[in-house]
Amino acid sequence: IESFLTMAKISLYAVATAIALATNVDAFVGPSPAVKSSSLHMSAYPTSAEDILWTPSWKTGERDEVNGALGKYCEDLYSVTRRKTRTVTCGPIKFGSDHPIVRQTMATTDTANVDASIEQIIRCADKGFDLVRITVQGKREANAAAKIREGLFKKGYDIPLCADMHFQPVVAQLVADAVEKIRINPGNFADGRKDFEEKVYESEADYVKEREYLAEAFIPLVQKCKELNRCMRIGTNHGSLSSRVLSYYGDTPRGMVESAIEFADICRSQDYHNFVFSMKASNPLVMVQSYRLLASEMYRLDWDYPLHLGVTEAGEGEDGRMKSAVGIGTLLADGLGDTVRVSLTEDPEFEYEPCNRLSEMSEARLAATNPDSAARQAAVKKYVDTRDITAYSRRTGVLPEKTEEDKVDVSLFLNPNGSVLSSVVPKMLSQDSAPYLYKELGFKTAVGMPFKDIATSDSIFMRTLPAVDDANARTALRRMMEVGTGVIVPAEELTKNPLENAVALMSLTEAAEANGQLPDGAIRLAIEIDGTEDDDLIAKVKDLNPVMVLIGIDPSLSQLHASRRVFEIFKANDIDTPAIHHYKTDAGDSNNLALELGTKVGSLLTDGNGDGILIEQVGETNFSVDFLRNTAFSLLQGCRMRNTKTEFVSCPSCGRTLFDLQETTAKIQDATGHLPGVTVAVMGCIVNGPGEMADADFGYVGTLPGKVDLYYGKEVVRKSIPNDDAVDALVELIKSYDMWKDKEEVEEEVEEAVAA
C-alpha cells in the first residue's frame, strides 16, 4: 500500500481503491456487510416482469392518453441550450448537464492482454480522454479487466473503465466488481445470438409476454450496479435490434427507442437511476432521428437521463470524421448530449482530436455561457419552427428546365440528389492550367475536351472573370458550359465583364429592386440570401424565379437558426427553388474542415433542408479544388443524398476483432472503392456484424480467428473463408450480384491528353 502512495499523480480516488484491492474490500462501496444489507433491501423491489410498472404502450396509443402527445425534443428551438439532465456518476467523473461533456473512446487491444491494454489506456488518458471502454467477451476478459483496473491504479491512473457487454448477463455481473461502468446492448443482452427470425405477434399482450426473460436476465445486473454504485449505459444499436423488436416495430428509430425504454423500466423498477442512454447507428439520419425521438419521449415521461452520442462504424479519415460530425454535431447543436465518442477505424488515440473539437464547438455555441453566441442567436428574426423530428422528409428543389432559346443545357446545372458547386479563380483557366482544372473539377477528358462524370462539379462559382480578350480562359469556360456546367458570377462583375450564358448572382435585395432584370448575356438568375432579410422580401423569391438560391448567412447571425428561418419561409410560401448552402471557411486543416461542414451544414441537411453545397475558401488558400469537391461530395453522401463512391460501414475495432481491421479495410477500399451506389460493411466480429449491416449490400465479417464470413444483405452466403482469400471472394460475390464494374484505367498525364 505504501508503494501506491508514492506514485506520481495518483488521486485520492485511486488510493482508496488500491487500498480496497489490497485488503479485499470493495473499492467503491465499502466493506462487504453493507453490500449484504443492500441486497436484503433489494428484495423489496420487483423481481419479475409482471410486477414492474412498464411505460404505457406507444403502439396502442395508451402513452398518448396517459402522458400526453409527443412534444418538444430539446430545451429551445431558437437557441443552443443544453437539455437539463441528472448527474450520473462513473467513478471520478460525472455525466450530466451540470458538467462538461465527457470525452471517451474504446480500446482496440485484446482485453486478455493485460499489459498491452494498460499501455493503450494510459496513452488514451494522457491524450485527454475521460473514459475508456474495453471489450469483455467472457470470464477470462472479466478477470483481465480486474487486473487492468488494478494495474492502472498502481500507475496512478484513475480513468474510469466501461465493460462492453454482449450476450453475457452472468459475465456482466462478474465484471461489475472491477470496472466503473457497464454498457449493455438491449438487442442482444438477453435475446442471445443475433438472428433475423421473423416473429408474429397477434397482439400487444403476446409481445409484452416475452418481457419475463428480459427481467430475469437483467434485474440481477441492475441490483449489483446499484449496490456497488456502478454506472450503466443502455446502448441501443440500429443494426443489432433483437428479432423480437424487429418483428414488432421494424428496423426503425421507434424500435430503437422502445427497446431502450423497456430496459430503463427495469432499472427504474429497482430504483436505479445511475444510467445513460445511447441510440447509435451507422446512418447519421437514423441516428439523429432516434436520439431526438428518445429525447422527446423522455420529456413527456419526465425523465432526465443523460445521452451518450456516437455514430457507430463511421469509418476513417475525413469521411469518418464527416459522418460523425453530421450526427454528433447536429445533436449537440440541439443541446442534446452529455458524453461523446467518435468511432473511427483508427487507433483510439486518434479519436481524441475530433471528439474534443466537436465538444469544444458545442460548448462555444451555448447561449448560456457565450455572450457572442447568445447575441447571434437572439439576432435571428422571429419565426416558427415546424420541423417534424419523428420522420425524415427532404425538401427537394425543382430543377431548372431548358428552353428552346437556351444555348446551353441549364437542366444540368444542378443535380436532383444534391449539387456540388466549386469556387474557381481566373488564373486556373489559363492555357496551361485549364487541363488540370478539368481534372480537379472531376471531368473526364478526351483530346482535351471536358465531359461530366459521376462526381463532376455541377456548376462553378467565380467572383471575377478572366478578361474578355483572354481567349484561352474564355474557351475553357465555354467548353465546360457546353457540357452542362453552370458558371455563376456576381451580376456586378457580369455588367463590367460580360460572359454569355453565365448565371447572374444578385443579393435578394438587389434582385427585388431590379425586378430580376439580368445583365446582357446572362442566361438565368441566382439569388443570395444572408438571413437579414424580412419575411416579405424572402417571399419574393417565388416571383423572381431564380435558378437557385445560395444561402450564405451573415456572420452576425446564428447560421443554424437563420437558415432554418429561411426554409420555414420557403415552406410557408410554397417556394421550391433549389437552395445551395454557401459555406465560407478559413480552416487550415482538412480534419477540422470535415468537422465544421458536418456540424454546420450537415445539421441542416439532416433536417432535409438543402439541395447542395458550395465551399468557398476565404483568406489564404489551403485546399485544392479537387479536395474541396471531394469533401463536398462526402458531405452529401454522409447525409444520404448523393452517392458518388462506394459507401463503407467500417467498425472501429476492439478486443473482439478477429483480423487487422485497418489493414483489411484499406485492402477492401482499394479493391471496391470505385462502385458508387454499393455499400460494403467491414466488421471485425459477429457482435455488430449482421446487425450493423442493415444499410449494407455486402458484408465482410470476422467469425473465427483467420476466418471471414461474407454476407449479402443480412444473409450469410459464404462461410469460413481464409483471411488471405476473403477480399478476392468479396469481389467475386459483388460480381455475382451484377453490382460490379471494372476500374477505369488511370488517365495518362494531363499534358498527353491535351490536343496539340
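Quick notes on the rules
Residues numbered from 1 in each chain as written. Predicted model: local features only at pLDDT ≥ 70, side-chain atom pairs only at ≥ 80, totals over all residues. Heavy atoms only, no water. Pairing = 2+ DSSP bridges. Helix = DSSP H or I, 4+ residues; strand = E, 2+ residues; numbered from the N terminus. Axes fitted to C-alpha atoms, helices over the stretch in contact; angles between N-to-C directions. Contact = heavy atoms within 4.5 Å. 1 Å grid on protein atoms, 1.4 Å probe; cavity = no way out; pocket = protein on both sides within 12 Å on 5 of 7 lines; lining within 4 Å. Points joined across faces, edges and corners; volume = space filled by probe spheres on them. Nonpolar A, V, L, I, M, F, W, Y, C, P; charged D, E, K, R; others polar. Phe/Tyr/Trp six-rings, centres within 6.5 Å; stacked < 30°, edge-to-face > 60°. Buried < 20%, exposed > 50% of the residue type's maximum accessible area, 1.4 Å probe, protein only. Lys NZ or Arg CZ within 6 Å of the ring centre and 35° of its normal. pLDDT = per-residue confidence, 0-100.

Another point: the sheet that holds strand β19 (residues 579–585). In spatial order, the strands read β11-β14-β15-β16-β17-β18-β19-β20; together these eight strands close into a barrel with parallel pairing. On average, each strand axis in the sheet is inclined to that of its neighbour by 25 degrees, with strand direction left out of account. Direction of pairing for strand β18 (residues 548–551) relative to β19: parallel, over a ladder of three bridges. Note that in β19 the partner of Ile551 across the bridge is His581. Its contacts with the sheet place helix α23 (residues 590–600) against β19 and β20 (612–617), and it is angled at close to 145 degrees to β19.

Bringing the layout of surface pockets into the picture now. A volume near 770 Å³ is recorded for the second largest pocket. The wall of the second largest pocket is formed by 30 residues, among which Pro555, Leu557, Gln559, Tyr583 and Lys600 lie closest to the centre. Taken together, the elements giving at least two residues each to the lining of the second largest pocket come down to α14 (352–365), α15 (371–378), α22 (559–572), β19 and α23. Among the elements that make up the lining of the second largest pocket, the one with the highest residue count is β19 (five residues). Taken together, the residues of the lining of the second largest pocket break down into eleven nonpolar, ten polar and nine charged.

One pair of aromatic rings is described through two measures. These are the centre distance and the angle between the planes. Summed over all chains, the structure comprises 22 aromatic pairs. Relative to Trp303, the ring of Phe277 lies with its centre 6.5 Å away and its plane at 5 degrees, an arrangement referred to as stacked. Of this pair, Phe277 sits in strand β8 (residues 275–280) while Trp303 sits in the loop between α12 (284–301) and β9 (308–309), and the two are 26 residues apart along the sequence. Accessibility assignment for this pair places Phe277 and Trp303 in one class, buried. Three or more aromatic residues joined by ring pairs make a cluster, and in this case those are Trp58, Tyr201, Tyr207, Tyr248 and Tyr249. In this arrangement the basic side chain of Arg149 is found over the ring face of Phe153, its NZ or CZ atom lying 3.9 Å from the centre. It is Arg244 that lies over the ring of Tyr207; its NZ or CZ is 4.0 Å from the centre.

Scored by pLDDT, the chain has a mean of 88; 88% of the residues are at 70 or more. With pLDDT under 50 throughout, residues 1–41 is counted as low confidence; its partners more than four residues away or in other chains account for 49 contacts. Note that residues 748–756 has pLDDT below 50 and, in this model, eleven contacts with residues that lie over four places away or in other chains.

The buried count for strand β23 (residues 698–704) comes to five of seven residues, which makes it a mostly enclosed element. Pairing geometry for strand β22 (residues 679–683) and β23, over four bridges, is parallel. From the neighbouring strand, Ala681 faces β23, where its bridge partner is Gly699. Strand direction decides the pairing type here: β23 and strand β24 (residues 707–712), joined by six bridges, are antiparallel. Bridge assignment links Tyr700 to a residue of β24, and that residue is Leu710. Counting the residues that bridge the hairpin from β23 to β24 gives two residues, and of these Gly706 lies at a positive phi of roughly 80 degrees.

This brings us to empty space enclosed by the protein. Think of a ball as big as a water molecule: rolled over the atoms, this probe shows where empty space is left. Inspection of every chain in the model, using the stated rule, returns five cavities of 30 Å³ or more. Taken as a whole, the second largest cavity encloses approximately 90 Å³ of empty space. Around the second largest cavity, the lining is made up of 13 residues, and of these Arg63, Arg211, Tyr249, Glu258 and Glu262 lie nearest the centre. For the lining of the second largest cavity, the secondary structure elements donating two or more residues are α8 (204–209) and α11 (253–269). With four residues, α11 is the largest single contributor of residues to the lining of the second largest cavity. Looking at the lining of the second largest cavity residue by residue, the classes come out as five nonpolar, two polar and six charged.

Looking now at the environment of Leu710. Among the structural elements, Leu710 can be located in strand β24. Residue class for Leu710 comes out buried when judged on its relative accessible area of 0%. Along the chain, Leu710 and Ala681 lie 29 residues apart, while their C-alpha atoms are 9.8 Å from each other. For Leu710, the contacting residues outside a window of four places in its chain are Gly699, Tyr700, Glu715, Val716, Val717, Arg718, Ile721, Ala726, Ala729, Leu730 and Leu733.

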